[in-house]
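So you can see what is in the structure, the chains are spelled out below.
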Amino acid sequence: MIGRLRVIVALLLLAVSSAMADSPVRFASVDVYIDTTEPMAAWQLEFSAATGVMQIVGVENGDSEAFDGAPYYDRDAVENGRADRIVVADYSLEEQEELPNGRVRVTTLHLMLSGDEAPEFDTRLIVATSHDGVSINAEISIEISEGSTK
Amino acid sequence: MHEEDNLETLPDELVAELKKSDKRGSLITARVDRSLANLAREQFASRPEKRRRIAPAWYAVAATVLLAVLVVPLSNRFGTVDDGLYADVDNSGQIDIADVLTLARRSDGEVTQAELNAFAMKVVSLADSGETS
């Protein structure tokens, strides 16, 4: 009886380890761009994975000097490994001529990916506003860079 | 001896008056005595009873006031955003970062940077994002 149990446990361990070997953890970074036709003073976006298993492990600020600090996001969720989606936002009180206009990288997200399924990302612009706080036309896009594999 | 002799020689009128005033005292029966004791017990027992009923209510009121005084400033100190600040400031129909921007521009320094940060953090909180998006 004990011998059979040992065999079953060994088989289960083999199955789990082979499954883990087939789905290694890998890292990627996603540059998020917002393209506007007028100076942008505030923006907010939501990023999630439509398919695949993803966890956001870091958030970086963008290129514009008007948004010089790190953007606002749920740091607690990221630091505790609970960020399978994220809301990122920032605002600037700079004068209108200092605000970014055109296509600008607003943030870079660092992701940890796992599972066999190739992830498909869903990026949604919640709001982009002008210096006066009025909503402006804007388009959001991403560029993905695959990183190392573990 | 001499006094007894004197008593025996009291005038009859005085003796008659003394006998009149020498009446038996009122009789208090055991039943009356118990009734009076019970009435007294009820009278005095009612006073502490009232105190016991009122005192806890006042203690509760005092404790509530004390907690309000101590807890409200503590919660503000830890950076929780005032519910009055977390609002659709620009009347866009949703609470988002644009509301933080509008509040920062309109406040003229009345709202601190810490309060604005707390507002922005609530906007991006994954627990609260259902309200914003």
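Caption draft 1: Summary view of the interface of chain B and chain A. Contact residues are listed per partner, giving 18 residues for chain B and 21 residues for chain A. Where the side of chain B that touches chain A is concerned, the elements lending two or more residues are helix 4 (97–106) and helix 5 (113–124) of chain B. Classifying every residue of the side of chain B that touches chain A gives 10 nonpolar, five polar and three charged.

Caption draft 2: Quick look at helix 4 of chain B. Burial analysis of helix 4 of chain B places eight of its 10 residues in the buried class, the great majority of the element. Those residues of helix 4 of chain B not exposed but buried are B:Ile97, B:Ala98, B:Asp99, B:Val100, B:Leu101, B:Thr102, B:Leu103 and B:Ala104. Check the buried side of helix 4 of chain B and you find it contacts strand 2 (42–51), strand 4 (85–91) and strand 6 (120–129) of chain A together with helix 5 of chain B.

Caption draft 3: Unusual backbone geometry, seen in detail. Residue and element names in this part refer to chain B. Here the phi dihedral of Asn-91 falls at roughly 55°; this positive angle occurs in a residue that is not glycine. In this structure, Asn-91 sits in the loop between helix 3 (30–77) and helix 4. Here Asp-108, not a glycine, exhibits a phi torsion of approximately 55°, which is positive. With respect to the element layout, Asp-108 can be found in the loop between helix 4 and helix 5.

Caption draft 4: Local environment of helix 5 of chain B. With 12 residues, helix 5 of chain B ought to run about 16 Å at 1.5 Å a step, and its terminal C-alpha atoms sit 17 Å apart, in line with that. Three or more residues of helix 5 of chain B are buried, namely B:Glu115, B:Ala118, B:Phe119, B:Ala120, B:Met121, B:Lys122, B:Val123 and B:Val124.

Caption draft 5: Expanded view of the confidence of the model for chain B. All names here are of chain B. Per-residue pLDDT for chain B has a mean of 76; in total, 67% of the residues score no lower than 70. Summarising per-element confidence for chain B, the mean pLDDT is lowest in helix 6 (residues 129–132) (48) and highest in helix 5 (95). Every residue in residues 74–79 scores below 50 in pLDDT, and together they form three contacts with partners more than four places removed in sequence or on other chains. Overall fold confidence (pTM) sits at 0.63, and the ipTM for the predicted complex is 0.81.

Caption draft 6: Geometry of the nonpolar core. In terms of nonpolar packing, the biggest core is built from 44 residues, with A:Trp43, A:Ala89, B:Ile97, B:Val100, B:Ala120, B:Val123 and B:Val124 touching the most fellow members. Mapped by element, the contributors of at least two residues to this core are strand 1 (26–36), strand 2, strand 3 (53–61), strand 4, strand 5 (102–114) and strand 6 of chain A together with helix 4 and helix 5 of chain B. Setting aside its immediate chain neighbours within four residues, B:Ile97 contacts A:Ala42, A:Trp43, A:Gln44, A:Ala89, A:Asp90, A:Tyr91, A:Val127, B:Ala120 and B:Val123.

Caption draft 7: Up close: the sheet that holds strand 6 of chain A. All names here are of chain A. An order of 4-2-6 is seen for the three strands of this open sheet, with the pairing classed as antiparallel. If you trace the sheet from one side to the other, it starts and ends with strand 4 and strand 6, each paired once. Each neighbouring strand pair of the sheet contributes to a mean axis angle of 15°, computed without reference to strand direction. Pairing analysis gives seven bridges linking strand 2 to strand 4, with the strands arranged antiparallel. Of the residues in strand 4, the one forming a bridge with Ser-48 is Arg-85.

The rules behind the values
Residues numbered from 1 in each chain as written. Chains lettered and ligands numbered in written order. Predicted model: local features only at pLDDT ≥ 70, side-chain atom pairs only at ≥ 80, totals over all residues. Contact = placed C-beta atoms within 7 Å. Helix = DSSP H or I, 4+ residues; strand = E, 2+ residues; numbered from the N terminus. Nonpolar A, V, L, I, M, F, W, Y, C, P; charged D, E, K, R; others polar. Buried ≥ 20, exposed ≤ 12 C-beta atoms within 10 Å, placed from the backbone. Expected span 1.5 Å × (residues − 1). pLDDT = per-residue confidence, 0-100. Core = buried A, V, L, I, M, F, W, Y, C linked by C-beta atoms within 7 Å. Pairing = 2+ DSSP bridges. Axes fitted to C-alpha atoms, helices over the stretch in contact; angles between N-to-C directions.

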